[in-house]
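Chain and residue survey
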Amino acid sequence: MPKKSRKNVGLIGLGIIGSRVANAVRQGGFHVYVWNRTPRAAPNFLASPRQVAELCDVIQLFVADAQALFDVLEAMGDVLTPNHIILCNATVGPEATLDAARIVQGRGGQFLDAPFTGSKAAAQNRELVYYIGGDDKTLQTAEPVLKASSKAIVKIGKIGDAAVIKIATNMISAVTVQTLAEAYGIVKGSGINPIALSEALKHHAVRSGITDTKLAKILNRDYEAHFSLKHMFKDVQLGIHIANSLDIDLPATTSTAGAMYGALTRGGADEDFSVLGRAFQTEDLPPPLYAPPKPELKNAPTPEKTPEPAQVAPKETPAAAPIPAPALEKKEPPRDPTDDELRNVGIKLPEPPAAPVAEKTQESAPKPEPGKPEPPAATEPKPEAAKTEAPKTEAAAAKKTTDGKPPEPAKDANGTPGEAARPHTFVRIRRWFGTGSPN
């Protein structure tokens, strides 16, 4: 195994960017030792992250996500020393970045938050831009390695701050490309050659490097990955996660995440994230598979029909014996309650008046002698008169004298005393029985 040297640089993660950064650092005069989760035919490929740490003091990490970052640091184990500088070039968000820094510093090593911006072409041309969060002294030691693959190094602040800036800038890129794809869609749908959109943007304030490169890929339907859709989708999700922790709404970013998810489900995970434009290129999709109808042949023999099975009449089910209807209970017609029934339920009624004298006189009157005409019968009061006098009679019957004597008997229309009328009693009782006892 080669000896450890200050010119040795370790690099873990040989993806689209990591493999090109390794070449750039070699061109910068360093001895580069690499490792990747999937073995690659690359110079100085080692067996494990631990071996990389044994040979190199400065190690760049271009892993895909937070879990891969923690797995690599765990694999290095106790090999890390105060001389080691771990450059976290992965986009994993501030939380995972701070956790990784604590792991490295807990083993005595040094840590820099160093995400980058730039795609495949920038890495190949040594034109990446690094955002740095961490100690200035640590950056001074690692700066020659970073300069080998970059055109600028931007100091942001403490560890974790650079991770936030990286997420924020990627959110702008994602939303810009989604808007660019939508603009392409309405231009194309309006029957205008989409190349006109490219020409118009050359003289527009919104023009940028990303509009030039991504619109060209959409126009040419060239979705070879420079920055894969799955990685951009991961960064957008990190941005939404940060916003949720801050109670901030991101309507444009959230909508873009939905469009990206749709592109992922259509198989664009490993393609460039400009594949968002394919949503407006439906004519390029293969037609659905179907069986074409067979042509009808003239004078073709008619296929024999399969005789239908004879239908068997269902057996008649004997009718069930009719269920006799229940005998209806005979109910007596409604009637007015008697005075005794009313008293039994606690209703107070006026005492019945004494028999009038007229009745006794009438009963003791002698019978007419035979042969003599009967005296004329007393005329009954007219119904109208009875109705007119009823309220007064009721009022008189309801009252009692102060000495406890019963009221005087009622008189008919001619002034003749007769039987005390009590129709008010039943009227009042009917009302009580309908709404409850007045007591």
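Predicted model only: the values in this text are computed from it and were never measured.

Details of the pattern of salt bridges
- Within this structure, the stated rule accounts for 16 salt bridges.
- Of the charged contacts in the structure, one is a salt bridge between E54 and R50, with a shortest N-O distance of 3.7 Å. Taken together, the positions of E54 and R50, both in helix α2 (residues 49-55) and four residues apart, correspond to about one turn of that helix.
- Here E54 falls in the partly exposed class, since its relative accessible area comes to 35%.
- A relative accessible area of 33% places R50 in the partly exposed class.
- Ionic contacts of the salt-bridge type, sharing partners, join the residues R50, E54 and D78 into one network.

Focus on the packing of helix α7 (residues 161-189) against helix α10 (residues 229-245)
- In the contact formed by α7 and α10, the axes pass within 9 Å of each other and the chain directions differ by 120°. If you check the angle between α7 and α10, you find them oblique. The two elements α7 and α10 cross, and the hand of that crossing is left-handed. Packed against α7, whose contacting residues are I167, N170, M171, S173 and A174, the element α10 presents M232, D235, V236, L238, G239 and I242 at the interface.
- Grouping the amino acids of the contact of α7 with α10 by side-chain chemistry returns seven nonpolar, three polar and one charged.

With respect to the packing of aromatic side chains
- For the structure shown, the criterion picks out three aromatic pairs.
- Aromatic side chains F62 and F116 sit 5.7 Å apart centroid to centroid with 55° between the ring planes, which places their arrangement in the tilted category. Pair noted here: F62 is in the loop between β3 (58-61) and α3 (66-76) and F116 is in strand β6 (residues 116-117), with a separation of 54 residues, a long-range link.
- Take F62: its relative accessible area is 10%, and that puts it in the buried class.
- Geometrically, the ring pair formed by F227 and F273 is edge-to-face, given 5.8 Å between the ring centres and 80° between the ring planes. On the criterion of sequence distance, the pair formed by F227 in the loop between α9 (209-220) and α10 and F273 in the loop between α11 (251-265) and α12 (339-344) is long-range, its members being 46 residues apart.
- A cation sits over an aromatic face here: K7 above F30, 4.7 Å from the ring centre.
- When the ring centre of F116 is taken as origin, the NZ or CZ atom of K166, which lies over that ring, is 5.2 Å away.

Analysis parameters
- Residues numbered from 1 in each chain as written.
- Predicted model: local features only at pLDDT ≥ 70, side-chain atom pairs only at ≥ 80, totals over all residues.
- Heavy atoms only, no water.
- Salt bridge = Lys/Arg side-chain N within 4 Å of Asp/Glu carboxyl O.
- Helix = DSSP H or I, 4+ residues; strand = E, 2+ residues; numbered from the N terminus.
- Buried < 20%, exposed > 50% of the residue type's maximum accessible area, 1.4 Å probe, protein only.
- Axes fitted to C-alpha atoms, helices over the stretch in contact; angles between N-to-C directions.
- Parallel < 35°, antiparallel > 145°, perpendicular 65-115°, else oblique.
- Left-handed = near helix turned anticlockwise from the far one by under 90°.
- Contact = heavy atoms within 4.5 Å.
- Nonpolar A, V, L, I, M, F, W, Y, C, P; charged D, E, K, R; others polar.
- Phe/Tyr/Trp six-rings, centres within 6.5 Å; stacked < 30°, edge-to-face > 60°.
- Lys NZ or Arg CZ within 6 Å of the ring centre and 35° of its normal.

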